[in-house]
Amino acid sequence: MITDALARRAETLAAQGASFVTATVVRAQRPTSVQAGNVALITSDGKIDGFVGGVCAEHSVRLYSLKVLESGEPILLKILPDADSGAEDGEEEEEGPGQEMASEEGSVTVQNPCLSGGAIEVFLEPRLPLPRVHLVGSTPIAGAIERLAPELGLEIVRVPRGVLDTAPGDLGLVVAAHGRDELETVRQGLEAHLPYVGLVASPKRAAGLVDELRADGVSDQLLSELEAPAGIEIEAHTPAEIGLSILARLIAVRRGGSYTPVPAGPGTLAPEIAVDPVCGMTVAVIEDTPRTEYEGETFYFCRPGCKTTFEQEHA
């Protein structure tokens, strides 16, 4: 069970728009110091708050938590102490300690050579900021979009005075202003290469606005990324129906592969991975990962003991 302190920490991170992973131990086989129900939070810089096992288990949890933040998809992580207790019949194994032994949709099994014993299964659930949709206009259609969007897991950001302030991970821009701040905000959205830019207008008025943007120097390539009129064709008539058609388009963009969420905060790129040359453990390289220089190369270790062994062997 998550502690009150961790629950408050999770609420704080979510309020800050930070990305993190909730790691919950769902199975712990003796001998191991962790218990089913233990929970930890892993932030995008690799820091672990809570307990999901000792140092060796933490390395596997950290590594796959960073991968989960990159993919945005939860996984069940199965950590095994040796190769013999690994994949089930029919599953492929990869040779070498500290490597993935088997994977299937929704789960991955790894061999952790320095685990003291006992298998551990941890559910890793990413908590990412909601995709932001910038909205221009105070029309009934804009109001309908603003009301419906939270139910679909979208955050609406009102654009003040026609100044679009985008950030990595933003999903799109919807301009439903009926003439106010239209041209400039559409142009800003296109130049920011947002996954979706939609303009609420009749076909005739939309064509006229596109001509104005073209005359103002916006390239045909950028203009091809504008949907005007905005929304999926569903024979919509009322503001709520039109708002729904636009949100349906945003969902299609979000789920259709043309949208790549970018978690907020440091460490958002794919984690750097290294193999401990002493025990063979695969580790995610973060600020406090033990390391040493030898013959112009940096070596990383799962714990200080392996670092000391390496330095003694290469003295």
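Residues numbered from 1 in each chain as written. Predicted model: local features only at pLDDT ≥ 70, side-chain atom pairs only at ≥ 80, totals over all residues. Heavy atoms only, no water.

### Focus on a nonpolar patch on the surface
Here is step 1: On the surface, Leu 148, Ile 234 and Leu 244 cluster together into a nonpolar patch covering about 240 Å² of accessible area.
Here is step 2: On the secondary structure map, Leu 148 appears in helix H3 (residues 140-148). (Patch = residues over 30% accessible without salt bridge, like charges linked within 9 Å, V, L, I, M, F, W, Y side chains within 5 Å. Areas by Shrake-Rupley, 256 points an atom, 1.4 Å probe, with all protein chains shown as cover. Salt bridge = Lys/Arg side-chain N within 4 Å of Asp/Glu carboxyl O. Helix = DSSP H or I, 4+ residues; strand = E, 2+ residues; numbered from the N terminus.)

### Some points on the side chain of Ser 107
Here is step 1: In this fold, Ser 107 is placed in strand E6 (residues 107-111).
Here is step 2: Excluding residues that lie within four positions of it along the chain, Ser 107 makes contacts with Leu 76 and Lys 78. (Contact = heavy atoms within 4.5 Å.)

### Comments concerning unusual backbone geometry
Here is step 1: Between Ala 228 and the following residue, Pro 229, the backbone shows a cis peptide bond with an omega angle of 0°.
Here is step 2: Inspection of the secondary structure puts Pro 229 in the loop between strand E12 (226-227) and helix H7 (239-255).
Here is step 3: Although it is not a glycine, His 193 adopts a positive phi angle of roughly 55°.
Here is step 4: Looking at the element boundaries, His 193 is found in the loop between helix H4 (182-191) and strand E11 (196-199).
Here is step 5: Relative accessible area serves as the criterion here: at 54%, His 193 is assigned to the exposed category. (Buried < 20%, exposed > 50% of the residue type's maximum accessible area, 1.4 Å probe, protein only.)

### A few points about the packing of aromatic side chains
Here is step 1: Applying the stated criterion across every chain yields a total of 3 aromatic pairs.
Here is step 2: Ring geometry for Phe 299 versus Phe 310: centroids 4.8 Å apart, planes at 40°, classification tilted. Placement of the pair is Phe 299 in strand E16 (residues 297-300) and Phe 310 in helix H8 (residues 304-313), with a sequence separation of 11 residues. For the residue pair Phe 299 and Phe 310, the accessibility class agrees, reading buried in each case.
Here is step 3: Ring centres of Phe 301 and Phe 310 lie 5.4 Å apart, and the angle between their planes is 55°; this geometry places the pair in the tilted category. One exposure class covers both Phe 301 and Phe 310, and it is buried.
Here is step 4: Ring pairing ties together the aromatic residues Tyr 294, Phe 299, Phe 301 and Phe 310, which thus form one cluster. (Phe/Tyr/Trp six-rings, centres within 6.5 Å; stacked < 30°, edge-to-face > 60°.)

### Brief notes about the layout of surface pockets
Think of a ball as big as a water molecule: rolled over the atoms, this probe shows where empty space is left.
Here is step 1: The volume enclosed by the second largest pocket comes to roughly 270 Å³.
Here is step 2: Surrounding the second largest pocket, 14 residues form its lining, Pro 229, Ala 230, Gly 231, Glu 233 and Ser 245 being those nearest its centre. (1 Å grid on protein atoms, 1.4 Å probe; cavity = no way out; pocket = protein on both sides within 12 Å on 5 of 7 lines; lining within 4 Å. Points joined across faces, edges and corners; volume = space filled by probe spheres on them.)

### Here's the deal with the packing of H3 against H7
Here is step 1: Their axes nearest at 8 Å, the elements H3 and H7 cross at an angle of 55°. Taken together, H3 and H7 sit at an angle that is classed as oblique. The two elements H3 and H7 cross, and the hand of that crossing is right-handed. Residues Pro 140, Ile 141, Ala 144, Ile 145 and Leu 148 of H3 lie in contact with H7, whose contacting residues are Pro 239, Ala 240, Ile 242, Gly 243, Leu 244, Ile 246 and Leu 247. (Axes fitted to C-alpha atoms, helices over the stretch in contact; angles between N-to-C directions. Parallel < 35°, antiparallel > 145°, perpendicular 65-115°, else oblique. Left-handed = near helix turned anticlockwise from the far one by under 90°.)

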